[in-house]
Amino acid sequence: MSDAQAKRLVLVDGSGYIFRAFFALPPMTRPDGTPVNAVFGFANMLFRLMQDRPQDDIVVVFDYSGESFRNQLYDLYKANRDEPPPELRPQFPLVREAARAFGLPVIDVEGFEADDLIASYASAAKTAGEPVIVVSSDKDLMQLVADGVELWDPMKQKNIGRAEVVEKFGVGPELVCDALALIG
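This section reports on the structure supplied with the text. (Residues numbered from 1 in each chain as written. Predicted model: local features only at pLDDT ≥ 70, side-chain atom pairs only at ≥ 80, totals over all residues. Heavy atoms only, no water.)

Geometrically, a pair of aromatic rings is defined through the distance of the ring centres and the angle of the planes. Tallying each qualifying case throughout the model produces 5 aromatic pairs. Aromatic side chains Phe19 and Phe92 sit 6.1 Å apart centroid to centroid with 55 degrees between the ring planes, which places their arrangement in the tilted category. Within this pair, whereas Phe19 is found in helix α1 (residues 14-24), its partner Phe92 is found in helix α4 (residues 91-101), the two being separated by 73 residues in sequence. One aromatic cluster is present, built from ring pairs that chain together Tyr17, Phe42 and Phe62. For Arg96, the ring lying beneath its charged end belongs to Phe62, and the centroid distance is 4.4 Å. When the ring centre of Phe169 is taken as reference, the NZ or CZ atom of Lys168 above it lies at 5.8 Å. (Phe/Tyr/Trp six-rings, centres within 6.5 Å; stacked < 30°, edge-to-face > 60°. Helix = DSSP H or I, 4+ residues; strand = E, 2+ residues; numbered from the N terminus. Lys NZ or Arg CZ within 6 Å of the ring centre and 35° of its normal.)

Structure (structure tokens):
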């Protein structure tokens, strides 16, 4: 990510960041015993992104805790997904505080997941002619890649454009949803 690029809207998948940070770092606690390894990793990743993109508008987007509209449509939605580890749960509000402490907007909306919000904001910004970078390692978000919308994989430190989507799925971003449905 080059500083010479024009100003962009950077949508950070905060929910993805916290899970990556939690599993990447050994346990750490505050003096009161509260786990903070995910907060530490999250803050470091966010700080690095801010240093790399000082001219951009960075927004951190989180899943809302609780059910989403998908649970109402399909009661078994994510039924096979494990609950977050108990050491991670108290860190969810702390990462939001950390993002706010950096002066960044934090978005979560009841009934919606971060992916839903990221897709909505990316679409609105693209329509308004503002270039967008989605910061996430979530393959589901590859369907957003288009003219004016890039994906940045923070784990691989790699831009994901149309060519990379085709390389991964054998189809363009407009068919990623279909490919994921067939893959299962």
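And the narrative resumes.
Once that is clear, we can look at the environment of Leu141. Among the secondary structure elements, Leu141 is positioned in the loop between β4 (132-135) and β5 (149-153). The sequence separation of Leu141 and Pro173 amounts to 32 residues, and the corresponding C-alpha distance is 9.1 Å.

Alternating residues of β4 divide into Val132 and Val134 and Ile133 and Val135, and every residue in both groups is buried. Note that β4 and β5 share 4 bridges and pair parallel. Note on β5: the bridge partner recorded for Val134 is Leu151. (Buried < 20%, exposed > 50% of the residue type's maximum accessible area, 1.4 Å probe, protein only. Pairing = 2+ DSSP bridges.)

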